[in-house]
Amino acid sequence: MYSQNKSLLNKQGDYLKLTPKVNFRCEMVIGGSLEINAPLKVGEVAKRAGVTIATLHFYEKKGLIFSSRSDGNQRLYSRDVLRRIAIIKVSQNVGIPLIEIKQALSVLPKFAATTQKDWQVLSSNWHATLDAKIKKLVLLRDQLENCIGCGCLSVKECPIRNPGDILGKQGSGAVLLRTKP
């Protein structure tokens, strides 16, 4: 209910109907609010992404993330770098090498905002790689306690699965854990 404030009356003396409007786009900083389109400084990115500044410099040197420079030569990052860093960290945590991460991220724009469609392209390109890694991990999990064809012949099943180390002729390492491409 509106209070009886004269500023809410029109010329006929009727109360005005107020319709609230919400603007979801922040275009300036007012009283400490966030400017969505403002570039982030290196320290802000490091804090928000949970990495060190040295890590950001390393990622940039490797071509995984990109920055621009201010007039004072400070590194400035667009906000989408936070998602790139999150993808890099998660990928590294599951054992994906940086070179593969870089290849996957190469489909994304370098200095423009990354769209949902961009992420869908990255995701679809990476499905086969991730599926192959998952297959190898499942095989390792399921076969690790058995003979893996490495030639050690120390597990009880080795004489049955690898008599006389015949699998050694197929190559080095854990022959039975190899997945076919």
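Further up the page is the structure itself.
What counts and what doesn't
Once a new chain begins, its residue numbering starts again from 1 and follows that chain's sequence as written. Only residues with pLDDT of at least 70 get local features here, since the model is predicted, and only at 80 or more are side-chain atom pairs given and counted; chain-wide, interface and lining totals rely on the full set of residues. Side-chain measures here rest on the full set of heavy atoms in the structure, leaving out hydrogens and waters. Working definition: helices are DSSP H or I runs of at least four residues, strands are E runs of at least two. Numbering for both runs from the N terminus. Exposure classes here rest on a 1.4 Å probe applied to the protein chains alone. A residue is buried below 20% of its type maximum, exposed above 50%, and partly exposed in between. Working rule for contacts: check all heavy atoms of both residues, and any pair within 4.5 Å makes them a contact. Note on areas: Shrake-Rupley with a 1.4 Å probe; residue coverage comes only from the protein chains shown. In this text, buried Ala, Val, Leu, Ile, Met, Phe, Trp, Tyr and Cys residues form a nonpolar core when linked through side-chain atoms within 4.5 Å. To estimate how far a helix should extend, the number of its residues minus one is multiplied by 1.5 Å. Candidate patch residues must exceed 30% relative accessible area and have no salt bridge, after which like charges are joined if within 9 Å and Val, Leu, Ile, Met, Phe, Trp or Tyr side chains if within 5 Å. Salt bridges are identified by distance alone: a Lys or Arg side-chain nitrogen within 4 Å of an Asp or Glu carboxyl oxygen. The charge count includes Lys and Arg as positive and Asp and Glu as negative, but it does not include His or the ends of the chains. A charged residue contributes its charge at one atom only: NZ of Lys, CZ of Arg, CG of Asp or CD of Glu. A pair of Phe, Tyr and Trp rings is counted when the ring centres sit within 6.5 Å of each other, with Trp represented by its six-membered ring. The angle between the planes then sorts it: under 30 degrees is stacked, over 60 is edge-to-face, the rest tilted. Throughout this description, the term charge over a ring refers to an Arg CZ or Lys NZ atom that lies within 6 Å of the ring centre and within 35 degrees of the ring normal. Working convention: axes come from line fits to C-alpha atoms, limited for helices to the stretch in contact. Angles between N-to-C directions cover 0 to 180 degrees. Each angle is binned into one of four classes, with values under 35 degrees roughly parallel, values over 145 roughly antiparallel, values of 65 to 115 roughly perpendicular, and all other values oblique. All amino acids are sorted into three groups, where Ala, Val, Leu, Ile, Met, Phe, Trp, Tyr, Cys and Pro are nonpolar, Asp, Glu, Lys and Arg are charged, and the leftover types, Gly among them, are polar.

Asker: Which parts of the structure should I look at to understand the overall build of the chain?
Answerer: Helix and strand counts for the chain stand at six helices and three strands. Listing each helix as α and each strand as β along the chain from the N terminus yields β-α-α-β-β-α-α-α-α. Expressed as a percentage of the 181 residues in the chain, the buried residues total 22%. For the chain, the share of sequence-separated contacts (at least 6 apart) that also reach a separation of at least 24 residues comes to 44%. Taken as a whole, the chain presents about 13300 Å² of accessible surface, with 56% of it coming from carbon and sulfur.

Asker: Explain the environment of Arg83 to me, please; I cannot follow it from the model alone.
Answerer: Here Arg83 is to be found in helix α3 (residues 81-93). Considered as a pair, Arg83 and Ala49 are 34 residues apart in the sequence and their alpha carbons are 8.5 Å apart.

Asker: Help me understand the nonpolar core, please; the structure alone is not making it clear to me.
Answerer: As a rule of thumb, soluble globular proteins bury nonpolar side chains together. Within the largest apolar cluster, 23 residues are counted, with the highest numbers of intra-cluster contacts made by Val45, Leu56, Ile65 and Ile85. Listing elements by their share of this core, those giving two or more residues are α1 (42-49), α2 (53-61), α3, α4 (98-105) and α5 (116-143). With residues near it in sequence (within four places) discarded, Val45 still touches Leu40, Leu56, Tyr77, Val81, Leu82 and Ile85.

Asker: Teacher, can you tell me more about α3 here?
Answerer: Residues that lie three or four places apart on an α-helix share one face, since the helix turns once every 3.6 residues. Over its 13 residues, α3 runs 18 Å from end to end, which matches the ideal 18 Å to within 8%, given 1.5 Å per residue. Of the positions making up α3, those classed as buried are Val81, Leu82, Arg84, Ile85, Ile88 and Ser91. Tucked into the core, α3 has its buried residues touching β1 (40-41), α1, α2, β3 (75-77), α4 and α5. Immediately downstream of α3, the backbone of Gly95 shows phi near 90 degrees, a positive value.

Asker: Honestly, a positive patch on the surface in this entry has me stumped. Any pointers?
Answerer: A contiguous patch of positive charge, built from Lys61, Lys62, Lys102 and Lys110, is present on the exposed surface. Relative to the helices and strands, Lys62 resides in the loop between α2 and β2 (68-69). Judged by relative accessible area, Lys62 falls into the partly exposed class, the value being 42%.

Asker: Got a minute to help me understand the environment of Thr115 in this structure?
Answerer: Mapped onto the elements of the fold, Thr115 is located in the loop between α4 and α5. Through-space distance from the C-alpha of Thr115 to that of Asp80 is 9.3 Å; in sequence the pair is 35 residues apart.

Asker: What is the right way to look at the packing of aromatic side chains in this model?
Answerer: To describe a pair of aromatic rings, you give the distance between the ring centres and the angle between the ring planes. Counted according to the given criterion, the structure contains one aromatic pair. A ring pair is formed by Phe58 and Tyr59, whose centres lie 6.3 Å apart and whose planes are at 50 degrees; its orientation type is tilted. Residue classification places Phe58 among the partly exposed residues on the basis of a relative accessible area of 37%. Residue class for Tyr59 comes out buried when judged on its relative accessible area of 4%. Of note, Arg83 hangs over the ring of Trp119, and the distance from its end group to the ring centre comes to 4.7 Å.

Asker: Would you take a moment to explain the side chain of Asp118 for this structure?
Answerer: Of note, Asp118 is situated in helix α5. The charged side chain of Asp118 is buried without a salt bridge, its nearest counter-charge being Lys117 at 7.7 Å. Filtering out sequence-adjacent residues up to four positions away, Asp118 remains in contact with Leu108, Pro109 and Ala113.

Asker: How should the packing of α1 against α2 be read in this particular structure?
Answerer: When two helices pack together, their arrangement is captured by the angle between the axes and the distance separating the axes. Look at α1 against α2: their axes get within 9 Å of each other, and the N-to-C directions meet at 100 degrees. Taken as axis vectors, α1 and α2 run roughly perpendicular relative to one another. Counting all contacts with α1, which are made through Val42, Gly43, Val45 and Ala46, the residues of α2 involved are Ile53, Leu56 and His57. Looking at side-chain class alone, the contact of α1 with α2 contains five nonpolar, two polar and no charged residues.

From the geometry alone we can't say anything about function, so treat these as descriptive.
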